[in-house]
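Chain and residue survey
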Amino acid sequence: MDVDSQKDGGWWLPKSRLNADDIDLEISLGWLSAKITNFAHFIRSKIVGSSRYAKRVLVSKEDGVEIHYKDAQSGLEEIVYFQSNHISAVHRWTSSENLGGSNESTSTECAIVANSVIHKIPGSKKQIRQLCEILELDLQRKSPIHKHDFPERTLFE
């Protein structure tokens, strides 16, 4: 527990700005996926430093979008809020990484660009399609990070 939370009598969780009745879509990591992601980011944070990941996304056409982040090392959660019109793009792409020799790893990634910042988010193909429909945006099928053109800042953990 940190000093401030001890004064308040215990841990506090950030509160959502969105009205629960107005949520059109909830995207979250499943139980097993959350455990594996937390473990991987915890190990990464020991090597690289603090590491956070998006564990939940709440979408309301009327009220906006919230991304719920969790810091793997401290366990603290943070909620980032955007109005729907601040989101300029939704991306879903496949990336591959050479692991040496003939081994190659392929993964599918998802992200939104909001206020010129890239936020990596969880989501299935169907969920990302629903997100695009709610926000009235076209799905971009390439990475939002371009090697030669890098206008966006990233919160890309």
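Here the structure is a predicted model, which means the values were calculated and not measured. (Residues numbered from 1 in each chain as written. Predicted model: local features only at pLDDT ≥ 70, side-chain atom pairs only at ≥ 80, totals over all residues. Heavy atoms only, no water.)

**Regarding unusual backbone geometry**
Negative phi values dominate among residues other than glycine, just as trans dominates among peptide bonds. Our working rule: In this description a helix means any DSSP run of H or I spanning at least four residues, a strand means any run of E spanning at least two, and both kinds are numbered starting from the N terminus. Only protein chains enter the area calculation, which uses a 1.4 Å probe; residues under 20% of their type maximum are buried, those over 50% are exposed, and those in between are partly exposed.
Backbone geometry at Ser116 places phi at a positive 65°, although glycine is not the residue there. Considering the arrangement of structural elements, one finds Ser116 in the loop between β6 (103-114) and β7 (117-120). Judged by its relative accessible area of 46%, Ser116 is partly exposed. Positive phi outside glycine occurs at Glu136, with the angle close to 55°. Relative to the elements of secondary structure, Glu136 occurs in the loop between α3 (125-135) and β8 (139-140). Taking the relative accessible area as the measure of exposure, Glu136 reaches 61% and is therefore exposed.

**Remarks on the side chain of His68**
Where we set the bar: Any pair of N or O atoms that falls within 3.5 Å is considered a polar contact. Within protein, one atom must be able to donate a hydrogen and the other to accept it, and sequence-neighbouring residues count only if both atoms are side-chain atoms. It only takes one pair of heavy atoms within 4.5 Å for two residues to be counted as in contact.
Here His68 shows up in strand β3 (residues 64-71). The exposure class of His68 is buried, given its relative accessible area of 7%. Among the polar contacts listed, one links the side chain of His68 to the side chain of Glu66, at a separation of 3.1 Å. If we skip the residues at most four places from it in the chain, His68 touches Tyr53, Ala54, Lys55, Arg56, Leu58, Glu78 and Ile79.

**What to know about the side chain of Glu66**
By the element assignment, Glu66 lies in strand β3. You can call Glu66 buried: its relative accessible area is 0%. At 3.4 Å, the side chain of Glu66 forms a polar contact with the backbone nitrogen of Leu18. When near neighbours in sequence (up to four residues on either side) are disregarded, Glu66 contacts Ser16, Arg17, Leu18, Arg56, Val57, Leu58, Ile79, Val80 and Tyr81.

**A word on α3**
Inclusion rule: Note that the arc is computed from the directions linking the helix axis to the C-beta atoms.
Residues of α3 that are buried include every one of Ile128, Leu131, Cys132, Ile134 and Leu135, and no others. For α3, the arc enclosing every buried residue in end-on projection is 165°, short of the 170-degree limit, so these residues lie on one face. Of the exposed residues in α3, those oriented more than 90 degrees away from the buried face are Lys126 and Glu133. Looking one or two residues beyond α3, the residue adopting positive phi is Glu136, at roughly 55°.

**Observations concerning a negative patch on the surface**
Cut-off, in case you're wondering: Each patch groups residues whose relative accessible area exceeds 30% and which form no salt bridge, using 9 Å between like charges and 5 Å between nonpolar side chains of Val, Leu, Ile, Met, Phe, Trp and Tyr. Per-residue accessibility takes into account occlusion by the displayed protein chains alone, with areas from the Shrake-Rupley method and a 1.4 Å probe. Basic side-chain nitrogens of Lys or Arg form a salt bridge, by our definition, when they fall within 4 Å of a carboxyl oxygen of Asp or Glu. Within this scheme the basic residues Lys and Arg register as positive and the acidic residues Asp and Glu register as negative, but His and the chain ends are omitted. Throughout, a charge is located at the NZ atom of Lys, the CZ atom of Arg, the CG atom of Asp or the CD atom of Glu.
The grouping of Asp21, Asp22, Asp24 and Glu62 at the surface amounts to a negative patch. For Asp21, the position within the fold is in the loop between α1 (3-8) and β1 (25-28).

**Details of the sheet that holds β1**
Basically, it comes down to this: Strands qualify as paired when DSSP identifies two bridges or more between them. Here an axis means a line fitted to C-alpha atoms, over the contact stretch when the element is a helix, while the angle between two N-to-C directions is reported on a 0 to 180 degree scale.
Read from one edge to the other, the open sheet built from 4 strands follows the order β1-β2-β3-β4, with strand pairing classed as antiparallel. Every interior strand has two partners, whereas the edge strands, β1 and β4 (77-82), have only one. Strand-to-strand twist of the sheet, defined as the mean angle between neighbouring strand axes without regard to direction, takes the value 15°.

**Here's the deal with the nonpolar core**
The line we're drawing: Only buried residues count toward a nonpolar core, which is a set of Ala, Val, Leu, Ile, Met, Phe, Trp, Tyr and Cys residues joined through side-chain atoms within 4.5 Å.
Val59, Ile121 and Leu131 are the most contacted members of the largest nonpolar core, which totals 21 residues. For this core, the secondary structure elements donating two or more residues are β1, β2 (52-60), β3, β4, β5 (87-100), β6 and α3. Of all the elements, α3 adds the most residues to this core, at 5 residues. Setting aside anything within four residues of it in sequence, one finds Leu131 in contact with Leu25, Val59, Val90, Ile112 and Ile121. Ranked by size, the runner-up nonpolar core spans 5 residues in total, among them Ala89, Trp93, Val113 and Ile118.

Interpretation in functional terms is not warranted from these geometric data alone.
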